[in-house]
Amino acid sequence: MSLRPIILHPDPRLKKVCPQVPAVTDEIRRLAEDMLETMYDAPGVGLAAPQLGEMKRLFVMDCARGEVEGEKPRPMVLINPEIIWQSAETSTYEEGCLSIPEQYADITRPSRVRMRWLGLDGQTHEEDFTGLWATCAQHELDHLNGKLFIDYLGPMRRQLITRKMLKFKRERAKQV
Ligand code: K2U
Ligand code: ZN
């Protein structure tokens, strides 16, 4: 397992639609392991493959943050994920993104989603997600379609955040 660098916005790889994963191979298993290690280290509750520069339709998530007494970690790997049902009811959550550090905005999404995906076990899985799990799953699926949470904001706010990130990346490059 190894930690990998997280790509920062703006970057063309974060705007691309990722292709399906044809099969669960040892390479995919190693990538999923690295994604989980990088996510926990960030720390985060989700991470999508394109955020590591891997243009593949898979993401990891673990929203069991131990806030609930006795809640055990539940690392999940979702390959070729799709939403097969979503509630009309919506929830608003102050979202952030590991590719857009220190920037947050209230984003409204369906409160509940039913997802179908291919697991590392090669089986097809289906599950309903609510709460932070639902928000995170939709945020990560957006990453696989080249969409960032700032794309839900108005153009001025999005440009402001992008300019801040360009400055952040310039200053970080000077430190290297
Ligand atoms: O994809 C990512 O960049 C990781 C995201 C996932 C996420 C965003 C918004 C809402 C839920 C999940 C986060 O940066 S992970 C950081 C985090 C930690 C605790 C709660 C929410 C977000
Ligand atoms: Zn993100």
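Definitions and limits used
- Residues numbered from 1 in each chain as written.
- Chains lettered and ligands numbered in written order.
- Predicted model: local features only at pLDDT ≥ 70, side-chain atom pairs only at ≥ 80, totals over all residues.
- Heavy atoms only, no water.
- Donors = N, O, S within 2.8 Å, 3.2 Å for Na, K, Ca; no water.
- Helix = DSSP H or I, 4+ residues; strand = E, 2+ residues; numbered from the N terminus.
- Buried < 20%, exposed > 50% of the residue type's maximum accessible area, 1.4 Å probe, protein only.
- Phe/Tyr/Trp six-rings, centres within 6.5 Å; stacked < 30°, edge-to-face > 60°.
- Lys NZ or Arg CZ within 6 Å of the ring centre and 35° of its normal.
- Salt bridge = Lys/Arg side-chain N within 4 Å of Asp/Glu carboxyl O.
- Near = heavy atom within 4 Å.
- Polar contact = N/O pair within 3.5 Å; in protein donor to acceptor, adjacent residues only side chain to side chain.
- Areas by Shrake-Rupley, 256 points an atom, 1.4 Å probe, with all protein chains shown as cover.
- Disulfide = S-S within 2.5 Å.
- Expected span 1.5 Å × (residues − 1).
- Contact = heavy atoms within 4.5 Å.

(A) Inspection of the coordination of the zinc ion (ligand 2) at higher detail. Summarising the metal site, the zinc ion (ligand 2) is bound by the protein donors Cys97 (SG), His139 (NE2) and His143 (NE2), whose distances to it range over 2.1 to 2.2 Å. Here the donor residues for the zinc ion (ligand 2) map to a single chain with the spacing C-x41-H-x3-H. Taken as a pair, histidine 139 and histidine 143 lie in helix α2 (residues 131-144) at a separation of four residues, close to a single helical turn. In this structure histidine 139 comes out as buried when scored by relative accessible area, which is 8%.

(B) Region of interest: the packing of aromatic side chains. Counted under the stated rule, the structure contains two aromatic pairs. Their ring planes at 20° and their centres at 6.3 Å tell us that phenylalanine 129 and tryptophan 133 sit as a pair that is stacked. Assessed through its relative accessible area of 2%, phenylalanine 129 is described here as buried. An aromatic cluster is defined as three or more aromatic residues linked by ring pairs; in this entry it consists of Trp117, Phe129 and Trp133. Over the face of the ring belonging to tryptophan 133 we find arginine 74, whose NZ or CZ atom lies 5.9 Å from the ring centre.

(C) Structural context of the pattern of salt bridges. According to the stated counting rule, one finds 15 salt bridges in the structure shown. Across the pair lysine 15 and aspartate 151 runs a salt bridge, and its minimum N-O distance is 2.9 Å. One end of the pair, lysine 15, is in the segment before α1 (26-41); the other, aspartate 151, is in the loop between α2 and α3 (155-175), and 136 residues separate them in sequence. Glutamate 27 is the salt-bridge partner of lysine 56, the closest N and O atoms lying 3.6 Å from each other. Here glutamate 27 lies in helix α1 and lysine 56 lies in the loop between β1 (46-48) and β2 (58-61), a separation of 29 residues in the sequence. Beyond isolated ion pairs, a larger network of salt bridges with shared partners links Arg4, Glu27, Asp34, Glu54 and Lys56.

(D) Region of the structure containing the site of ligand 1. Neighbouring ligand 1 are 16 residues; Gly46, Gln51, Leu98, His139 and Glu140 lie closest to it. At a separation of 3.0 Å, an oxygen atom of ligand 1 approaches a polar side-chain atom of glutamine 51. Histidine 143 is positioned with one of its side-chain polar atoms (N or O) 3.4 Å from an oxygen atom of ligand 1. Surface burial for ligand 1 is 88%, taken as the share of its 470 Å² of free accessible area covered by protein chains.

(E) Representation of the state of the cysteines. Applying the stated criterion across every chain yields a total of zero disulfides. As a non-bridged cysteine, cysteine 63 has cysteine 136 as the owner of its nearest cysteine sulfur, 4.0 Å distant.

(F) Structural detail: the environment of aspartate 11. Summarising the element assignment, aspartate 11 is placed in the segment before α1. When its relative accessible area of 14% is taken as the criterion, aspartate 11 is described as buried. A sequence separation of 54 residues divides aspartate 11 from arginine 65, and the C-alpha atoms of the two residues are 29 Å apart. A polar atom in the side chain of aspartate 11 sits 2.7 Å from the side chain of arginine 13.

(G) Summary view of α1. For α1, with 16 residues, the first-to-last C-alpha span of 23 Å sits near the 22 Å given by 1.5 Å per residue. Where α1 is concerned, the buried positions are Ile28, Leu31, Ala32, Asp34, Met35, Leu36, Thr38 and Met39. The inward-facing, buried residues of α1 abut β1, β2 and β3 (76-86).

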